[in-house]
Amino acid sequence: MIARIGIVTVSDRAAKGLYEDEGGPAIAGFLDETIVSSWQRVVRIIPDGFEGVRDTLIDLADRERCDLILTTGGTGPAPRDVTPEATAAVIVKELPGFGELMRRKSLEQVPTAILSRQIAGTRGTSLIINLPGRPASIRLCLMAVFPAVPYCLDLIGASRIDTDPAVCAAFRPAV
Ligand SMILES: Nc1ncnc2c1ncn2[C@@H]1O[C@H](COP(=O)(O)OP(=O)(O)OP(=O)(O)O)[C@@H](O)[C@H]1O
Ligand SMILES: Nc1nc2c(c(=O)[nH]1)N[C@H]1C(S)=C(S)[C@@H](COP(=O)(O)O)O[C@H]1N2
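The notes below deal with the structure included here. Here the structure is a predicted model, which is why all the values come from computation and not from measurement.

1. Observations concerning the overall build of the protein
Turning to step 1, where the next piece is worked out: Within the protein, the secondary structure is distributed over seven helices and six strands.
Turning to step 2, where the next piece is worked out: Traced from its N-terminal end to its C-terminal end, the protein shows the element sequence β-α-α-β-α-β-α-β-α-β-β-α-α.
Turning to step 3, where the next piece is worked out: Relative to the compact-globule value of 16 Å for 175 residues, the protein shows a C-alpha radius of gyration of 15 Å, a close match.
Turning to step 4, where the next piece is worked out: Each principal axis of the C-alpha atoms in the protein carries an extent, and together these give about 45 × 35 × 30 Å.
Turning to step 5, where the next piece is worked out: Counting across all 175 residues of the protein, residues that qualify as buried make up 43%.

2. Structural notes on the environment of F50
Turning to step 1, where the next piece is worked out: Within the secondary structure, F50 sits in helix α3 (residues 50–63).
Turning to step 2, where the next piece is worked out: With 14 C-beta atoms packed within 10 Å, F50 lands in the partly exposed category.
Turning to step 3, where the next piece is worked out: In sequence terms F50 and G74 are 24 residues apart; their C-alpha atoms lie 9.9 Å from each other.
Turning to step 4, where the next piece is worked out: Not counting residues up to four positions away in its chain, the partners in contact with F50 are V82, E85 and A86.

3. Regarding the site of ligand 1
Turning to step 1, where the next piece is worked out: Neighbouring ligand 1 are 16 residues, the closest being S11, R13, E22, G23 and G133.
Turning to step 2, where the next piece is worked out: Per-element accounting of the shell around ligand 1 gives the leading share, three residues, to helix α1 (residues 12–16).

4. With respect to the site of ligand 2
Turning to step 1, where the next piece is worked out: Around ligand 2 there are 18 residues in total, and T75, G76, S106, G133 and S137 lie nearest to it.
Turning to step 2, where the next piece is worked out: Looking at the shell around ligand 2 element by element, the count peaks at three residues for helix α6 (residues 135–145).

5. Overview of the sheet that holds strand β4 (residues 93–94)
Turning to step 1, where the next piece is worked out: Judged by pairing direction, the sheet is mixed, and its six strands sit side by side in the order β2-β1-β3-β6-β5-β4 without closing on themselves. Edge positions in the sheet fall to β2 (39–46) and β4, since each of these pairs with one other strand and no more.
Turning to step 2, where the next piece is worked out: Judged from the eight bridges that link them, strand β1 (residues 3–10) and β2 form a sheet pairing that is parallel. Across the sheet, the residue bridging to T9 is I45, located in β2.
Turning to step 3, where the next piece is worked out: Sheet strands in contact with helix α2 (residues 23–34) are β1, β2 and β3 (68–72), and its direction is about 155 degrees off that of β1.

What counts as what
Counting restarts for each chain: residues are numbered from 1 in the order of the written sequence. All chains are assigned letters beginning at A, and all ligands numbers beginning at 1, according to the order in which they are written. Since the coordinates come from a predicted model, pLDDT governs what is reported: local features require at least 70, and pairs of side-chain atoms require 80 or more to be given and counted, while whole-chain, interface and lining totals use all residues. Here a strand is any run of E in DSSP of at least two residues, a helix any run of H or I of at least four, and the numbering for each starts at the N terminus. We compute the radius of gyration over the C-alpha atoms and compare it with the globule rule, which gives 2.2 Å times the number of residues raised to the power 0.38. Partly exposed residues are those whose C-beta has more than 12 but fewer than 20 other C-beta atoms within 10 Å; with 20 or more the residue is buried, with 12 or fewer it is exposed, and the C-beta atoms are placed from the backbone. By the convention adopted here, residues make contact when the C-beta atoms placed from their backbones lie within 7 Å. For each residue, a C-beta atom is placed from the backbone, and the residue counts as near a molecule or strand when that atom lies within 6 Å of it. Note: two strands are recorded as paired if DSSP finds a minimum of 2 bridges between them. Lines fitted to C-alpha atoms define the axes, with helix axes restricted to the stretch in contact, and inter-axis angles between N-to-C directions lie between 0 and 180 degrees.

These values are about where atoms sit, not about what they do.
Shown next, in the form of structure tokens:
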């Protein structure tokens, strides 16, 4: 099966068209550069808000059958930042290591990295990962965690993805 990857920008202003979304294209650019096997993208740009983010994640996981879903935005402490809450409502198993590692790497870039409450987890055969809203954070965060993503997809029965080791070497423990 060809892997399907959901790319979700959660931003009030990008959803209204007040600025052009740079987060979704930054995620897609990383994936284009990194993944050498075939994959299909499913793109959404939605405003902040619990129900909208929750329903989008459920739609991408259960109906669109996305193997991997990457969100950007809405992870901070502002009142409308509820992407982690919506993600927590949708996942069955949390994978705390993803958020821990992304925050640790981001802290080398900005002290405000601790303000991101980004989480990750699985729902059926989908892996969902939150990224901060700042487009500059996306490559850094994905470079940190992506080596573990293909094996995680193997373990949950999702479609296989292969990466270019020159960009980001996937680690699959020998069996
Ligand atoms: N999708 C995006 N495209 C381009 N720039 C973005 C995007 N999301 C965030 N940014 C930039 O990063 C900054 C911090 O992102 P944050 O998610 O906190 O935005 P925000 O203030 O909550 O507003 P909004 O939800 O309307 O994007 C924004 O002020 C904006 O400059
Ligand atoms: N790598 C990286 N991580 C980062 C940032 C950044 O600029 N680079 N911004 C931080 C800031 S200022 C905030 S408020 C939080 C949450 O951002 P979000 O609400 O846009 O998701 O992410 C943090 N993580």
